[in-house]
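Reading the structure
One-letter residues, chain by chain:
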Amino acid sequence: MADLKTRLKNDLTVAMKARETVTAGALRMALTAVTNEEVSGKQARELSDDEVVKVLSREAKKRKEAAEAFDGAGRAEKADLERQELAVLEAYLPAQLGDDELASIVDKAYDAVAAQLGEAPGQKQMGQVMKAVNAEVAGRAEGGRVAAAVKSKLTS
């Protein structure tokens, strides 16, 4: 079993014993998402830690979007609950890259694609640059931030 999944289960047990309802609820939802991912497809499989991190990232994004939606609808108490659950999930995610670090990764990927093509990549090669950046970033930055950084590099 993946170390991260084991840690989630152990932390859920601790949260339940301590009667921390928000933490327990967030961990239950995260473990359910992981289990659903494991049994999706034609054959059940065990997720690696990297795959568990991707599932947790997806769940964290859902919490962030839900909090914004609740704020927009004037439901502050629900928005606060979503933010608390987001904080619980973020404790299990790798630290997010800063703008400078992301820019340097984008620069390296841009240079690598340029060397491969023999010319400076343009908008048509955005997919190639994104692929190289995403391989390096590996869940430490949101896709929207990565896409914006790549797009600004390609248009400059």
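**Observations concerning the pattern of salt bridges**
Pairing between side chains of opposite charge can happen when their charged atoms approach one another. Going through the model one piece at a time under the given rule, you end up with 14 salt bridges. Residue E85 pairs with R63 through a salt bridge whose shortest N-O separation is 3.1 Å. Here E85, found in helix α4 (residues 76-90), pairs with R63, found in helix α3 (residues 49-72); they are 22 residues apart in sequence, far enough to count as distant. Residue E85 is classed as buried on the basis of its relative accessible area, which comes to 7%. Given the relative accessible area of 7%, R63 is considered buried. Each of E59, K62, R63, E82 and E85 takes part in a single network of salt bridges with overlapping partners.

**So, the packing of helix α5 (residues 99-117) against helix α7 (residues 143-155)**
Helix packing geometry: the angle between the two helix axes and the distance between the axes. Packing of α5 against α7 brings their axes to within 10 Å, and their N-to-C directions diverge by 55°. The pairing of α5 with α7 is recorded here as oblique in orientation. Seen along the crossing, α5 lies across α7 with a hand that is right-handed. The segment α5 lies against α7, with D99, L102, V106, D107 and Y110 engaging R145, V146, A149, V150, K153 and L154. The residue inventory of the contact of α5 with α7, partitioned by class, reads seven nonpolar, no polar and four charged.

**Brief notes about the side chain of E85**
A polar contact is formed between the side chain of E85 and the side chain of R63, at a distance of 3.1 Å. Residue contacts for E85: discarding those within four places in its chain leaves V22, A26, M29 and R63.

**Details of the nonpolar core**
One finds L4, L8, L27, V52, L56 and Y92 to be the most contacted residues of the largest nonpolar core, which totals 23 residues. Broken down by secondary-structure element, the contributors of at least two residues to this core are α1 (3-17), α2 (21-39), α3 and α4. In terms of residue count, α2 provides more of this core than any other element does, seven residues in total. In this structure, I105, V106, M130 and V137 belong to the second largest nonpolar core, which totals 17 residues.

Criteria and thresholds
Residues numbered from 1 in each chain as written. Predicted model: local features only at pLDDT ≥ 70, side-chain atom pairs only at ≥ 80, totals over all residues. Heavy atoms only, no water. Salt bridge = Lys/Arg side-chain N within 4 Å of Asp/Glu carboxyl O. Helix = DSSP H or I, 4+ residues; strand = E, 2+ residues; numbered from the N terminus. Buried < 20%, exposed > 50% of the residue type's maximum accessible area, 1.4 Å probe, protein only. Axes fitted to C-alpha atoms, helices over the stretch in contact; angles between N-to-C directions. Parallel < 35°, antiparallel > 145°, perpendicular 65-115°, else oblique. Left-handed = near helix turned anticlockwise from the far one by under 90°. Contact = heavy atoms within 4.5 Å. Nonpolar A, V, L, I, M, F, W, Y, C, P; charged D, E, K, R; others polar. Polar contact = N/O pair within 3.5 Å; in protein donor to acceptor, adjacent residues only side chain to side chain. Core = buried A, V, L, I, M, F, W, Y, C linked by side-chain atoms within 4.5 Å.

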